[in-house]
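Given next are the chains, with one letter for each unit.
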Amino acid sequence: MEIEKVKISVIIPVYNVEKYLKRCLDSVVNQTYKNLEIILVDDGSADNSGKICDEYAQKDKRIIVIHKENGGVSSVRNKGLDICTGDYVSFIDSDDWLENCFYEYVVNNVKDNDLLIFDYHITNGKNSKWIKYNNAEFELTKEKCLMELTKAKIQSYLWVMIFKRKLFYNIRFPQNRNYEDQAIMHLLIDKCQKIKYCNKAFYNYYQNPKGITHTVNYKNYRDFLYVNILRGRFLKKKYPKVYEYHLNYIYSAIAKLCWLYKNDEEYVIRYKFLHKFILSRLIKNIFNTKITLRTKIKVILYLFF
């Protein structure tokens, strides 16, 4: 495929982000590569976010705006996937922004890869840090990619990756679940024939202290355990060597729930069951080198302190 004919669908969930939205949209519409399909899905915003989306759509014919009732980020991304027509798909969170040469780099390097993986910058608005996976670009097998994902060397963040659209055939994000990216990332990687890591950072991730990953509540912890159990079942069947390392996530997630349930009378039965389960696994795996020392210490702290 000729480079200038490669079409990238950019899917952006929008919900009550009027403070940051223009910065995000400006970084997309001003990309040096122009063959973009920009899909803005307003998830029932109560502020001026929906109005800002419409204003940008009037100025740029590449922008498609969908207004819908609030249904969560999974429903938004699924809506974007249902209508997108690009050869590749890029996801952006609406409080983040891109360097303006991102998609130009993508089309010049994607070739016949199904998945491109990038570094990224993490910022609090004042300071910025480059989160680097490696110093040189290289190709990965899907088993190697899953192993690096399991060891947290590669993150399950959608926005650090560019996906061939066909990967999402028969795959959608689970409704009403947090950590929805983790719930399907292993399925997408499993469908890849060629994967490439690019040691470049074009994405600026704004670390919002009110974001899901910074919020402690029952649903977050239960969903984290749920998606990792699903991934564990998949890995155990198809990639057993990777599964042995994935147990770190499962044990850590159970221990976190124990910590949360411990002083809540409503969940005392669940606490006793999970406590007994994870304690027996800890004793069984105390000398298992695939369960990291960090996980073992974390489990002990959550269970007893």
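What comes next is a walk through the structure.

The rules we used
Residues numbered from 1 in each chain as written. Predicted model: local features only at pLDDT ≥ 70, side-chain atom pairs only at ≥ 80, totals over all residues. Heavy atoms only, no water. Helix = DSSP H or I, 4+ residues; strand = E, 2+ residues; numbered from the N terminus. Rg over C-alpha atoms; globule rule 2.2 N^0.38 Å. Buried < 20%, exposed > 50% of the residue type's maximum accessible area, 1.4 Å probe, protein only. Contact = heavy atoms within 4.5 Å. Areas by Shrake-Rupley, 256 points an atom, 1.4 Å probe, with all protein chains shown as cover. Axes fitted to C-alpha atoms, helices over the stretch in contact; angles between N-to-C directions. Parallel < 35°, antiparallel > 145°, perpendicular 65-115°, else oblique. Left-handed = near helix turned anticlockwise from the far one by under 90°. Nonpolar A, V, L, I, M, F, W, Y, C, P; charged D, E, K, R; others polar. Core = buried A, V, L, I, M, F, W, Y, C linked by side-chain atoms within 4.5 Å. Phe/Tyr/Trp six-rings, centres within 6.5 Å; stacked < 30°, edge-to-face > 60°. Lys NZ or Arg CZ within 6 Å of the ring centre and 35° of its normal.

## Observations concerning the overall build of the chain
Argument step 1. What the chain contains, in helices and strands, is 10 helices and 10 strands.
Argument step 2. For 305 residues, the compact-globule formula gives about 19 Å, and the C-alpha radius of gyration of the chain, at 20 Å, lands near that figure.
Argument step 3. Relative to its full complement of 305 residues, the chain shows a buried share of 53%.
Argument step 4. Partitioning the contacts of the chain with sequence separation of at least 6, the portion at a separation of at least 24 is 79%.
Argument step 5. Only carbon and sulfur atoms are counted for the fraction: they give 52% of the accessible area of the chain, which is about 15,600 Å².

## A word on the packing of helix 8 (residues 240–261) against helix 10 (residues 293–304)
Argument step 1. Close contact between helix 8 and helix 10 brings their axes to 8 Å; oriented N to C, the two are set at 15°. Relative to helix 10, helix 8 is oriented roughly parallel. Every pair of crossing elements has a handedness; the one defined by helix 8 and helix 10 is left-handed. Contact with helix 8, carried on its side by Asn248, Tyr251, Ser252, Ala255, Lys256, Cys258 and Trp259, involves Thr295, Lys298, Val299, Tyr302 and Leu303 of helix 10 and no other residues of that element.
Argument step 2. For the contact of helix 8 with helix 10, a count of residues per class yields 7 nonpolar, 3 polar and 2 charged.

## A few points about the nonpolar core
Argument step 1. One finds Ile12, Phe91, Ile92, Tyr103, Phe118 and Phe163 to be the most contacted residues of the largest nonpolar core, which totals 102 residues.
Argument step 2. For this core, the leading source of residues is helix 8, giving 13 residues.
Argument step 3. Residues within four places of Phe163 in sequence aside, it is in contact with Asp87, Tyr88, Val89, Phe91, Asp114, Leu115, Leu158, Phe168, Met185 and Leu188.

## So, the packing of aromatic side chains
What describes a pair of aromatic rings is the distance from one ring centre to the other and the angle between the planes of the rings.
Argument step 1. Applying the stated criterion across every chain yields a total of 29 aromatic pairs.
Argument step 2. Of the aromatic side chains, those joined through ring pairs into one cluster are Phe102, Tyr103, Tyr105, Phe118 and Phe202.
Argument step 3. Residue placement shows Lys151 over the ring face of Tyr245; its charged tip is 4.6 Å from the ring centre.
Argument step 4. We note Arg177 situated over the ring of Tyr226; from NZ or CZ to the ring centre the distance is 3.6 Å.

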